[in-house]
Number of protein chains: 2
Amino acid sequence: MKKSALQAARAAYQPKLPKALKGSLTVKEGAATQSVADQEAIKELFPNTYGMPVLTFEPCSEKASYPAINVGVILSGGQAPGGHNVIAGLFDGIKAMNADCKLYGFLLGPGGLIDHKYMELTADIIDEYRNTGGFDIIGSGRTKLETVEQFDKGLQILNQLGIKALVIIGGDDSNTNACVLAEYYKQKNTGIQVIGCPKTIDGDLKNEMIETSFGFDTACKVYSEVIGNIQRDCNSAKKYWHFIKLMGRSASHIALECALQTQPNICIISEEVEAKGQTLNDIVDYIAGIVAARAADGNNFGTVLIPEGLIEFIPAMKKLIAELNDFLAANGDEFAKVPQNEQISFIASKLSKENAAIYTSLPEGVARQLSLDRDPHGNVQVSLIETEKLLSEMVGRRLAEMKKEGKYVGKFSPQHHFFGYEGRCAAPSNFDADYCYSLGYNAAMLIGSGKTGYMSSIRNTTAPADEWVAGGIPVTMMMNMERRHGEMKPVIQKALVKLDGAPFKHFAAQREEWAKNTCYVYPGPIQYFGPSSVCDQPTETLKLEHL
Amino acid sequence: MKKSALQAARAAYQPKLPKALKGSLTVKEGAATQSVADQEAIKELFPNTYGMPVLTFEPCSEKASYPAINVGVILSGGQAPGGHNVIAGLFDGIKAMNADCKLYGFLLGPGGLIDHKYMELTADIIDEYRNTGGFDIIGSGRTKLETVEQFDKGLQILNQLGIKALVIIGGDDSNTNACVLAEYYKQKNTGIQVIGCPKTIDGDLKNEMIETSFGFDTACKVYSEVIGNIQRDCNSAKKYWHFIKLMGRSASHIALECALQTQPNICIISEEVEAKGQTLNDIVDYIAGIVAARAADGNNFGTVLIPEGLIEFIPAMKKLIAELNDFLAANGDEFAKVPQNEQISFIASKLSKENAAIYTSLPEGVARQLSLDRDPHGNVQVSLIETEKLLSEMVGRRLAEMKKEGKYVGKFSPQHHFFGYEGRCAAPSNFDADYCYSLGYNAAMLIGSGKTGYMSSIRNTTAPADEWVAGGIPVTMMMNMERRHGEMKPVIQKALVKLDGAPFKHFAAQREEWAKNTCYVYPGPIQYFGPSSVCDQPTETLKLEHL
């Protein structure tokens, strides 16, 4: 593996740890906990892991001794910067407990546990991956650990390798499944502990106890770098409107954070669109209005940030998608036989009148995308919908009408961008490098303390790392019951952008100014070696939430 | 203007200068020069600026005294990282000569000179823009300075402001025009000097005397950062083929440099396609062959870099585009009246049989793009053609055929990216910050030495900045005669990728290995504060050319 100069120099970085994880520690237990909702139902489903206390690690002078154990680790779902540091922290943590501990990585996600594909992660291998982006050390995958057959299959290999604890690094669904697995292994008295780690660039796995998921910081900084570069170009050439779609699944955390970092002219927040019951036309009118107002000032350029999940949050589109999802789930085989040039009219003929009208009013490409392949959850693949082109096309049409009405004088030339894969595997920022390493090291300490059904938790993350608070949060505490594929399931509540939260309010208070004037900020690329003011800042979201 | 933390920290960077520009200097003149071709014709067109010697500045102990003069500066054409540092260097250079010198910037490109739109650039303003990306200090534009009327209009404002020298920062065409202007102002005895500076991210303005154009270094590093991130994602998820188109107009320098930095599985070089007379199908077969070979090894993922100018270099496509250009230039008005759904058949009916066959075989979207708006030079806007989607669609079809023939077993899921605006206005790398500042400072010294018709030149750029060679190259030296819009014109020869040059040969020697195995390199983001091995490296192209 040929290393870049930066990778070589960055390998030597020693991530910072919270004080409690720097030496011997003691576990402080809080009071018994409850799930955020549906307490009775969750308690019944998790009799062995429900109600456990929040844990906080504190430094202590007494040196504990730990047995040598074997630990397994799994990367689950989409990549996020810092995954390798979670594994490095876990490795260093178990080695600090007992030098004879061993770490096994299951390959290509949860599927590796079921299919018994694994490798031992030795010091040589770990050292190659410290402070690097990607999940390529063992790969990741989207297989869901859900069935008893899978759990039993996993148990075979865990027993065979003498693994006493399994760490699952994943998003909300993966951590839910980790908890189901913890409950099952505890109920069966297997002696195998299961610990989760909060991963996702989307930022939608957070709550009162989990301040942020790892990778969000780095991914947003990479997107903000390129958005800033585009804005500087936009403000130099003064001739294009750039429509920039950003990854992030349903939630708009990434778009909001990037807006806070770069101050674009427009940023759409899906959660607000839904709360206000806006239609696609409302959004188009809003954008066209700002384009026209800027044109009146002689500024025929600007930037628009669009969260990838937007379409699903427009109530009318949501109803359409829901009917499409139901129709295709039930009639997928029939639909598969329809010739391509008849697909749109075929679907329109099967929808309710209201939805058929919306469906056929969409540009053909978008209508087609809405009926394409579904993701493994059975949902429309929102990231395939070119919302950035849909919006700019509709805005262009609206401006043409306004021009006829004498309400717009200007030139509208759009450019389109979609950023997603550019940020998921970037080398972690100092924040993510430290946070991830701490999460992994902390997971080792949870294992050493004999815990299961916990999520590794590092809090107080806007303070210097030394003051971060390490510990564990019972996963059941974050759960409620939700309908998934027609069944009520225990799941970790997904965190959407809160319209009464400080980050959104800060944005909303400034957006009129940003729309009218040109207030672009150019964050530039992530720096690893410079002054702390440049290298060690958390996200604006985190700073505002902690004010 | 709210500054990002990095921008604030980076403002203090003091760009490095060649030894000769650090104090008093003396001018060493070489022998008389000749144009690279068509000497008689060029000499006739440039009687006053032809044949001048190459200049080299050397340090000297004697302090010269310079009169206070006013200088004008113009940014011409597309943005490139470092433009602000050229202006800062020019400002510092004229102030070092005489503190009473003044600098005027003409607004939004050469148009500002003609329309008499300008601003004085004072120390306060300059300081706001040091080491930043973008051309927003005075804006840029694509108006071409070509006619005597324009020259005379410019002369009015130059005389009005008492400007004795004009620095034009631009690409090959802008520098050609700068020389025509220099010749005209000299012939008219206006006493106004004109100096050019080599700018373009495309890297196609270089020759024996101009080692590289500014901005190429930074832009390629930004693209390589995101390509590296995508490759790390690709190698973690192991399920997508990423088709990545890169800006760069006709030449493939950017794609080649990014390939050298990131080692993708495939990189197409337009100049090679042309030299080998390859068809679109040849390229598709080449890519499909590599996809199939990797699939046979179980690797259903990979990366393909595509230069934006590719289509024009495929001889059959070139003929088609040439006929399209001619047809639309002559029949644009008629074509404008054809309804959209009849456009393709209309054009096909007007083309030669051979070209009509190719035109109608293209996916509809591509055929449509080929007949869209032209750029100001009257040519197909290659950057609008979604070559990355065209190729992946055709590769997908080819693989489906190969599957039927039993020659391919695998899954082909493409993703598409186009990078251009992301890199043109990035904050300059140390290399570009130093190089640009030196080019600007050096331009001031050429002015101080009374020169006109010269391009600012900094050579020996792979050595530490202290050892760089400063001086001037007569623009006529780089010229030859070429047919443009049906007329023979004196122009600076555009530098395409040389197939016998070290960068291409280095790439060609390794590409089979990169195609079969996964040899990705992850350069990461540009660093401004770290070790010199990370922060101060020139491009691979430059290093290989200087071996």
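This text gives an overview of the structure that appears in the document.

The rules behind the values
Residues numbered from 1 in each chain as written. Chains lettered and ligands numbered in written order. Predicted model: local features only at pLDDT ≥ 70, side-chain atom pairs only at ≥ 80, totals over all residues. Heavy atoms only, no water. Salt bridge = Lys/Arg side-chain N within 4 Å of Asp/Glu carboxyl O. Helix = DSSP H or I, 4+ residues; strand = E, 2+ residues; numbered from the N terminus. Buried < 20%, exposed > 50% of the residue type's maximum accessible area, 1.4 Å probe, protein only. Expected span 1.5 Å × (residues − 1). Bend = angle between axes of the 7 residues up to and from the residue. Contact = heavy atoms within 4.5 Å. Pairing = 2+ DSSP bridges. Right-handed = clockwise from strand over helix to strand, strands pointing away. Axes fitted to C-alpha atoms, helices over the stretch in contact; angles between N-to-C directions. Least-squares fit on C-alpha atoms with pLDDT ≥ 70 in both. Buried area = accessible area lost by both parts, 1.4 Å probe. Polar contact = N/O pair within 3.5 Å; in protein donor to acceptor, adjacent residues only side chain to side chain. Phe/Tyr/Trp six-rings, centres within 6.5 Å; stacked < 30°, edge-to-face > 60°. Lys NZ or Arg CZ within 6 Å of the ring centre and 35° of its normal.

Further remarks concern the pattern of salt bridges. Two side chains bearing opposite charge may form a pair once their charged atoms approach each other closely. Overall, the coordinates contain 60 salt bridges over all chains when judged by the stated rule. Salt-bridge contacts for Lys22(A) lead to Asp466(A); the nearest nitrogen and oxygen are separated by 2.6 Å. One end of the pair, Lys22(A), is in the loop between α1 (5–10) and β1 (25–29); the other, Asp466(A), is in the loop between β12 (454–459) and β13 (469–474), with 444 residues separating them in the sequence. For Lys22(A), a relative accessible area of 53% corresponds to the exposed category. Asp466(A) sits in the partly exposed class, given a relative accessible area of 30%. One salt bridge in this structure joins Lys206(B) and Glu545(B), with 2.7 Å as the shortest N-O distance. One end of the pair, Lys206(B), is in the loop between β7 (193–198) and α8 (216–237); the other, Glu545(B), is in helix α22 (residues 540–545), and 339 residues separate them in sequence. With a relative accessible area of 14%, Lys206(B) lands in the buried category. We classify Glu545(B) as partly exposed; its relative accessible area is 37%. Salt bridges sharing common partners tie together Lys144(A), Asp173(A), Glu482(A) and Arg484(A).

Owing to its 3.6 residues per turn, the α-helix aligns residues three or four sequence positions apart on the same side. Residues and elements named next belong to chain B. Across its 22 residues, helix α13 (residues 315–336) extends only 28 Å between first and last C-alpha, which sits more than 12% below the 32 Å expected from 1.5 Å per residue. Of all bends in α13, the biggest is about 70°, found at alanine 330. Along α13, the positions that sit buried rather than exposed are Met317, Leu320, Ile321, Leu324, Asn325, Phe327, Leu328 and Phe335. Contacts made by the buried residues of α13 are with α12 (310–313), α14 (343–350), α15 (353–361) and α16 (364–370).

Here we come to unusual backbone geometry. Although it is not a glycine, Asp38(A) sits at a positive phi angle of roughly 50°. Among the secondary structure elements, Asp38(A) is positioned in the loop between β1 and α2 (39–45). Even without glycine at this site, Gln263(B) takes up a positive phi of about 55°. In this structure, Gln263(B) sits in the loop between α9 (253–262) and β9 (266–267).

On to the pairing of strand β7 (residues 193–198) of chain A. Residue and element names in this part refer to chain A. Extensive coverage of β7 is indicated by the burial of six of its six residues. Here β7 shows no split at all, with Gln193, Ile195 and Cys197 on one side and Val194, Gly196 and Pro198 on the other all buried. Here six bridges tie strand β6 (residues 163–170) to β7, and the two strands are oriented parallel to one another. Bridge pairing links valine 167 to isoleucine 195 in β7. Note that the unit made of β6, helix α7 (residues 172–187) and β7 has a crossover that is right-handed. Alignment of β7 against β12, held across two bridges, turns out to be parallel. What sits directly across from isoleucine 195, in β12, is tyrosine 454.

All names here are of chain A. Across the sheet, four strands lie side by side as β9-β10-β8-β11; this open sheet has parallel pairing. Two strands bound the open sheet, and with one partner strand each, they are β9 (266–267) and β11 (414–419). Where strand β8 (residues 241–246) lies against strand β10 (residues 302–307), six bridges are found, and the strand directions are parallel. Bridged to lysine 245 within β10 is isoleucine 306. Together, β8, β10 and β11 form the strand contacts of helix α8 (residues 216–237), whose direction differs from that of β8 by roughly 175°.

Two strands in a sheet stick together by hydrogen bonds in their backbones, pointing the same way (parallel) or opposite ways (antiparallel). All names here are of chain B. Read across the sheet, four strands follow the order β9-β10-β8-β11 without closing on themselves; strand pairing throughout is parallel. In the strand order of this sheet, the two ends are held by β9 and β11 (414–419), each with one partner. Of the strands in this sheet, β8 (241–246), β9 and β10 (302–307) are in contact with helix α11 (residues 280–296), which crosses β8 at around 145°.

What follows is about the relation of the copies chain A and chain B. Overlay of chain A on chain B (RMSD 0.0 Å): rotation 180°, translation along the axis 0.0 Å. Expressed as a symmetry operation, the mapping of one chain copy onto the other fits a two-fold axis. A shared binding surface is used by both copies, with 100% of the interface residues of chain A retained as interface residues in chain B.

Further remarks concern the interface of chain A and chain B. On the chain B side, the residues contacting the 58 residues of chain A number 58 residues. Taking both sides of the interface into account, the surface hidden between chain A and chain B amounts to around 4,500 Å²; carbon and sulfur atoms contribute 53%. Among the residues chain A hides against chain B, the three largest losses belong to Arg232(A), Tyr421(A) and Glu422(A). Together they make up 16% of the total. Here chain A is connected to chain B by six salt bridges. Across the pair Arg232(B) and Asp136(A) runs a salt bridge, and its minimum N-O distance is 2.9 Å. Across the contact surface, chain A and chain B share 28 residue pairs in polar contact (both at pLDDT 80 or more).

A relative accessible area of 5% places Gln263(B) in the buried class. Polar contacts involving the side chain of Gln263(B) include one to the side chain of Lys2(A), which spans 3.4 Å. Each residue touching Gln263(B), except ones within four places of it in the same chain, is listed here: Lys2(A), Gln231(B), Cys258(B), Gln510(B), Trp514(B), Cys519(B), Tyr520(B) and Val521(B).

Counted by the stated rule, this structure contains 28 aromatic pairs over all chains. When the ring of Phe335(B) is compared with that of Phe346(B), the centres are 6.1 Å apart and the planes differ by 25°; the resulting orientation is stacked. Note that Phe335(B) is positioned in helix α13 and Phe346(B) in helix α14, a separation of eleven residues in sequence. Ring pairing ties together the aromatic residues Tyr104(A), Phe106(A) and Tyr118(A), which thus form one cluster. In this structure, Lys245(A) is placed above the aromatic ring of Phe418(A), and the distance from its NZ or CZ to the ring centre is 4.5 Å. Looking at Arg10(B), its charged tip hangs above the ring of Tyr13(B), at a distance of 4.1 Å from the centre.

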